[in-house]
Amino acid sequence: MGMNIAIDGPAGAGKSTIAKKLAKDLGYIYVDTGAMYRAMAYYFMQNHIAADDTEKIAKACETVDISIEYVNGEQSVLLNGENVNGVIRNEEVGNMASATSVYPVVREKLVDLQQRLAQKADVIMDGRDIGTVVLPNADVKIYLTASSAVRAKRRYDELVAKGQECDLDAIEKDIIDRDYRDMHRETSPLRQAEDAVLLDTSNLDIDGVVDAMKEIIRRA
Ligand code: DC
């Protein structure tokens, strides 16, 4: 069993940016679990399966193949063998992932994949239920958060940098709705594990967060 670092927190708290950087510095493998829920959501969208069509969703979970591949340390999510990294990073897919990740059939499938990855290697894994459900015995657990206004602005800057058109208020509203859904669903809701360290990144830049995380890991 490798070293396991679990990072949870709401959308836009900086989890993936930080976890990626930290993994590189520490020589760990970064596992982005949100990308797996996004790949499933993308499949549902492509196949015109509605977020409330539980029958079709359950059926799809039996046959859809999600796997992970690492190329130069970058995670690629393969949906039925095809790299979907380029098409899952938008708000539409993010919202569909939030809506369809409420189903136990979807979660069981992906949690199993996540646990198998963590057994094989030293991983930094980020998501919503990593410290609570996926890796309850993780060596270090960190709960990253920031105000919804700060998180909306970060998401906005990220999208603008990619040349996507967007509206800051709409993004903040989306974030608040998504937080609510992720925190109030019945199965594996987003919450801070009892033994997780809370880190509010509202007033920190990336290097500030990475340094704070290294200190938390060192102490553990
Ligand atoms: O982190 P993200 O924005 O890529 O995640 C997209 C959605 O997937 C998120 O709103 C909720 C869901 N998700 C989840 O339920 N459990 C995880 N471990 C990761 C993501």
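Residues numbered from 1 in each chain as written. Predicted model: local features only at pLDDT ≥ 70, side-chain atom pairs only at ≥ 80, totals over all residues. Heavy atoms only, no water.

**Regarding the packing of aromatic side chains**
Put simply, the test is: Working definition: rings of Phe, Tyr and Trp (its six-membered ring) pair if their centres are within 6.5 Å, and the pair is stacked with planes under 30 degrees apart, edge-to-face with planes over 60 apart, and tilted otherwise. Only protein chains enter the accessibility calculation, which uses a 1.4 Å probe; a residue whose area is less than 20% of its type maximum is buried, one above 50% is exposed, and one in between is partly exposed.
Tallied over the entire structure, the rule returns one aromatic pair. Plain terms: the ring middles of Tyr43 and Phe44 are 6.3 Å apart, the flat faces sit at 75° to each other, and that makes the pair edge-to-face. For Phe44, a relative accessible area of 0% corresponds to the buried category.

**Some points on the pattern of salt bridges**
The criterion, for reference: In the sections that follow, a salt bridge refers to a side-chain nitrogen of Lys or Arg positioned within 4 Å of a carboxyl oxygen of Asp or Glu. Counting from the N terminus, the helices are DSSP H or I runs at least four residues long and the strands are E runs at least two residues long.
In total, this model carries 15 salt bridges according to the counting rule given. The residue Arg107 makes a salt bridge to Asp129 at a minimum N-O spacing of 2.9 Å. With Arg107 in helix α5 (residues 104–120) and Asp129 in the loop between β6 (123–127) and α6 (130–134), this pair connects stretches of sequence that are 22 residues apart. Note on accessibility: Arg107 and Asp129 belong to one class, buried. In this structure, Glu215 engages Arg218 in a salt bridge whose closest nitrogen and oxygen atoms are separated by 2.8 Å. Within this pair, Glu215 and its partner Arg218 are both found in helix α9 (residues 206–219), separated by three residues, close to a single helical turn.

**What about the pairing of strand β4 (residues 74–79)?**
Let me state the cut-off plainly: Only strands that DSSP links by at least two bridges are regarded as paired with each other.
Along β4, five of the six residues are buried, which leaves the element largely enclosed by surrounding structure. Turn length for the strand β3 (residues 66–71)-β4 hairpin, with the two strands adjacent in sequence and antiparallel, is two residues, and the turn residue Asn72 shows positive phi of about 50°. What sits between β4 and strand β5 (residues 82–83) in their antiparallel hairpin is a turn of two residues, with Asn80 showing a positive phi close to 45°.

**Things to note about the site of the ligand**
Just so we agree on the cut-off: The near set for a molecule or strand comprises every residue that places at least one heavy atom within 4 Å of it. The definition of a polar contact used here is a pair of N or O atoms within 3.5 Å, where within protein one atom must be able to donate a hydrogen and the other to accept one, and adjacent residues in sequence count solely through side-chain atom pairs. For the area figures, the Shrake-Rupley method with a 1.4 Å probe applies, and any residue is considered shielded solely by the protein chains shown.
Inspection of the region around the ligand gives 16 residues, with Arg38, Arg107, Asp129, Arg178 and Arg185 positioned closest. The side chain of Thr33 places a nitrogen or oxygen atom 3.0 Å from a nitrogen atom of the ligand. Within the side chain of Asp129, one N or O atom sits 2.9 Å away from a nitrogen atom of the ligand. Protein contact buries 96% of the 450 Å² of open area that the ligand shows by itself. Those elements that place two or more of their residues in the shell around the ligand are α2 (33–46), α4 (91–100) and α8 (168–184). Sorting elements by how many residues they give to the shell around the ligand places α2 first, with four residues.

**With respect to α9**
The condition that has to hold: Residue count minus one, scaled by 1.5 Å, sets the expected span of a helix. The arc in question is the one spanned by the directions pointing from the helix axis to the C-beta atoms.
Its 14 residues give α9 an end-to-end C-alpha distance of 20 Å, which sits within 8% of 20 Å, the value for a rise of 1.5 Å per residue. Every buried residue belonging to α9 is among Val209, Val210, Met213, Ile216 and Ile217, and all of these are buried. Seen along its axis, α9 keeps its buried residues to an arc of 120°; they face one direction. Pointing more than 90 degrees away from the buried face of α9 are the exposed residues Asp211, Arg218 and Arg219.

**A few points about the pairing of strand β1 (residues 4–8)**
In the case of a regular strand, side chains alternate between the two sheet surfaces. Taken across its five residues, β1 has five buried, putting it largely inside the fold. What you see with β1 is no split at all: Asn4, Ala6 and Asp8 on one side and Ile5 and Ile7 on the other are buried throughout. The sheet contact formed by β1 and β6 spans five bridges and is parallel. Residue Ile5 lies in a different strand from β6, and its bridge partner there is Ile124. Bridging between β1 and strand β7 (residues 140–145) involves four bridges; their strand directions are parallel. For Ile7, the partnering residue across the bridge sits in β7 and is Ile142.

**Examining the side chain of Asp126**
Spelled out, the test is: Charge assignment: positive for Lys and Arg, negative for Asp and Glu; neither His nor the chain ends contribute. Note on contacts: a residue pair is in contact if any heavy atoms of the two residues lie within 4.5 Å.
If you trace the backbone, Asp126 turns up in strand β6. Within the buried set, Asp126 has no salt-bridge partner at all; the shortest N-O distance to an opposite charge, 5.7 Å, is to Lys15. In this structure the side chain of Asp126 is engaged in a polar contact, spanning 3.2 Å, whose partner is the backbone nitrogen of Ser16. Among residues more than four places away in sequence, those in contact with Asp126 are Ile7, Lys15, Ser16, Ala19, Tyr30, Val31, Asp32, Thr33 and Gly34.

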